[in-house]
Structures are given as C-alpha cells and as structure tokens.
Amino acid sequence: MGQLDGQVAFITGVARGQGRSHALTLAREGADIIGLDLCAKPSTTAYAGATHEDLQETIRLVKETGRQIVAEVADTRDYEQVEAVFKRGIEQFGRVDIVLPNAGICSGAKTWEITPDAWREMVEINLNGVFHTVKAAIPTMIAAGRGGSIVFTGSTEAIKGAENISSYAASKHGVTGLMTSLARELGQYNIRVNSVNPTCVDTHMINNDFVYGLFRPDLDKPTREDVIDTFAGTHILPVPWIQPQDVSNAILYLVTEPGRYITATPLVIDAGFIVKS
C-alpha cells in the first residue's frame, strides 16, 4: 500500500532531473503519471535540453514501478499543447489529484545586458508555462470535488534574488505570487497550493559553464571540481548542492496526509543558504 494509491499526478519537465525524480517518487507511492517535456534546448540556456530518449527513459522507469504513465513532448509556453497532453492523460486515468508545474530554465547576465528575447524566454517558460499548467488542470480538480495538491517548483531566488540572474529571480518571484494567490482561491475546494524552494540542485541547470563561471569568475574555464568548495561555502551545512530526491521527498510530504494542513507555504530546502547569505 502506497501513500498515493489510486491518485494521478500531472508533472511538467518530466524527462530528467527533478521532474523525473518527482515522477518516480510519486509512482513508487502508487500514483499514475501524466507528464510532458519540451525535449529540446531553449534558445538562451547554456546547457542542453532534455531529449526524446530522456523522456522514454522516464516512461520506462515509471512503468518499472508498476504504475502507468502518459507522457508526451509538449512546450509549456503553448497552452493548447499543455491542455492536449493533460486531456489525453485524463482520458486514460479519469482524474488528477496532484499538479507539479516543474518545468523551468536558468540563464542570465547583468540585468542591463540581458537581451529582450532572453528575458521573454525566461518568463514564458518559468512563469507563463507554470500558469498554463495549472490552468489546464484546476477545473478538473474542482469538478471532481476530492481536493488535491499543487506544488510549484520555486527556488531560493524566489525569496531573495541574486545578481547576474535577475530574469530567473523575477520569474520565480512571480511563481511565489501565483502560488499564494491560488492557495487563497482554491482553499474552499480543499485544494492545497505550496511551493518548494531549493538551493542549487545537482542537475544540468547548475552543471554547466555559465553557472560554474558565476561561482568562479577568477578562472577562465572552471570545472565541476573547481566550484565544489565555492558552492559549499554558500551553505550552513557542509554540502555544495542537494539532490533531486531531496526535493522529491519534500514534495511527497506536501502532497500526502502528513502535509494535509499546509497551504500557501514556500517550503525552503536550502541547507541554510538563505540564512547564511
């Protein structure tokens, strides 16, 4: 018996990283999965996007748990694409109980050096795409009358901001505002709305030359080994970054019975980053 037997989760950015980890964590607890991913590189990121092969691997791993999954390529910037995948999932599973608007990107520069196109892409994926995800799912959740849980993927930068990534911080601050507003609107339906706000997570989003350069501007081409101590120096706990599973564990708490009275909360998983910095 899992904590989520009979439930269905809708997850974006499901092909790899945090999204895959969330899907597998919920599937192991009994949830079926509706998922989507762009499976391409956004034009302004310094790291490669997920691939079709990544998505197929997530599908394989979810099915290996004994649960079912409907997962397709779709762009969260396009509401009709998001809605179409969601509807195909509902056709198969008949319900949705958990929504995880997880898809996101990170890039940046000094604010006045960010191009208008780069700013727009950040906001379109990290904020507009999140809105599209919940817009597609909420009417079905309300109509079912069973309540539910929405957990946004925020960031420590959704709370404090940081230099050189103002577009990312602005988009994630927007996610916090959307989260708290939705919590007010959906409480009457027993739908809880929260966000998880991690420090750096060991995924492609931090493992790239752009981020390494932010942490070691004194080096021409810093490597992962070069930045470990600098990353660790931003935390109270002696770790450079956390793992996707650490975020998934927090989400599992929020969407299950132990978190039944938590809503409108930006839950921080940061090894002490916000306090120290």
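Residues numbered from 1 in each chain as written. Predicted model: local features only at pLDDT ≥ 70, side-chain atom pairs only at ≥ 80, totals over all residues. Heavy atoms only, no water.

## Examining the domain arrangement of the protein chain
When the domains of the protein chain are assigned, the result is domain 1 (8-203 + 243-262) and domain 2 (207-240). The straight-line distance from the C-alpha centre of domain 1 to that of domain 2 is 26 Å. Buried surface at the junction of domain 1 and domain 2, summed over both partners, amounts to about 720 Å²; 59% is from carbon and sulfur atoms. Its largest share of buried area at the contact with domain 2, domain 1 owes to A46, C200 and D202, together 42% of the area lost on that side. Where domain 1 packs against domain 2, one counts one salt bridge. Between R224 and D202 there is a salt bridge whose closest N-O contact spans 3.0 Å. For the side of domain 1 that touches domain 2, the residue count by class is four nonpolar, five polar and one charged. (Domains from an automatic or database assignment. Buried area = accessible area lost by both parts, 1.4 Å probe. Salt bridge = Lys/Arg side-chain N within 4 Å of Asp/Glu carboxyl O. Nonpolar A, V, L, I, M, F, W, Y, C, P; charged D, E, K, R; others polar.)

## Focus: unusual backbone geometry
Despite not being glycine, N190 has its phi angle at roughly 60 degrees, a positive value. In this fold, N190 is placed in the loop between α5 (166-186) and β6 (191-198). On the basis of relative accessibility, which here comes to 53%, the residue N190 falls in the exposed class. A positive phi angle, near 55 degrees, is found at A271, a position not held by glycine. Counting through the fold element by element, A271 comes out in the loop between β7 (266-269) and α9 (273-276). Residue A271 is classed as buried on the basis of its relative accessible area of 14%. (Helix = DSSP H or I, 4+ residues; strand = E, 2+ residues; numbered from the N terminus. Buried < 20%, exposed > 50% of the residue type's maximum accessible area, 1.4 Å probe, protein only.)

## A word on the side chain of D97
Summarising the element assignment, D97 is placed in the loop between α3 (79-93) and β4 (98-100). In contact with D97, not counting residues within four places along its chain, are G6, Q7, V8, M141, R146, G148 and S149. (Contact = heavy atoms within 4.5 Å.)

## Some remarks on the packing of helix α1 (residues 17-28) against helix α8 (residues 244-255)
One way to put it is that α1 packs onto α8 with a least axis distance of 9 Å and a crossing angle of 45 degrees. Considering the angle they form, α1 stands oblique to α8. In the crossing of α1 with α8, the sense of the turn from one axis to the other is right-handed. Note on element contacts: α8 touches α1 through P244, Q245, V247, S248, I251, L252 and V255, opposite G17, Q18, S21, H22, T25, L26 and R28. Here the residues of the contact of α1 with α8 are counted per class, giving six nonpolar, seven polar and one charged. (Axes fitted to C-alpha atoms, helices over the stretch in contact; angles between N-to-C directions. Parallel < 35°, antiparallel > 145°, perpendicular 65-115°, else oblique. Left-handed = near helix turned anticlockwise from the far one by under 90°.)

## Quick notes on the packing of α1 against helix α2 (residues 52-64)
Two numbers describe a pair of packed helices, the interaxial angle and the distance between the axes. Relative to each other, α1 and α2 sit at 15 degrees, their axes nearing to 10 Å. As judged from the angle between their axes, α1 and α2 are roughly parallel. As α1 runs across α2, the sense of the crossing is right-handed. Here R20, A23, L24 and A27 of α1 lie close against α2, whose contacting residues are D54, E57, T58, L61 and V62.

## A word on the sheet that holds strand β2 (residues 32-37)
Strand order in the open sheet made by the seven strands is β3-β2-β1-β4-β5-β6-β7, with parallel pairing throughout. The open sheet has two edge strands with one neighbour each: β3 (69-73) and β7. Pairs of neighbouring strands in the sheet enclose a mean axial angle of 15 degrees, with direction left out of account. Pairing geometry for strand β1 (residues 8-12) and β4, over three bridges, is parallel. Looking at β4, one finds that A9 is bridged to I98. The strands touched by α1 within the sheet are β1, β2, β4, β5 (148-153) and β6, with β1 carrying the most contacts at an inclination of about 175 degrees. Packing against the sheet, α8 makes contact with β4, β5, β6 and β7, and its axis sits at approximately 165 degrees to β6. (Pairing = 2+ DSSP bridges.)

## What about the pairing of β3?
Direction of pairing for β2 relative to β3: parallel, over a ladder of five bridges. Paired with I33 across the bridge in β3 is I69. Read as a crossover between parallel neighbours, the route from β2 over α2 to β3 is right-handed. (Right-handed = clockwise from strand over helix to strand, strands pointing away.)

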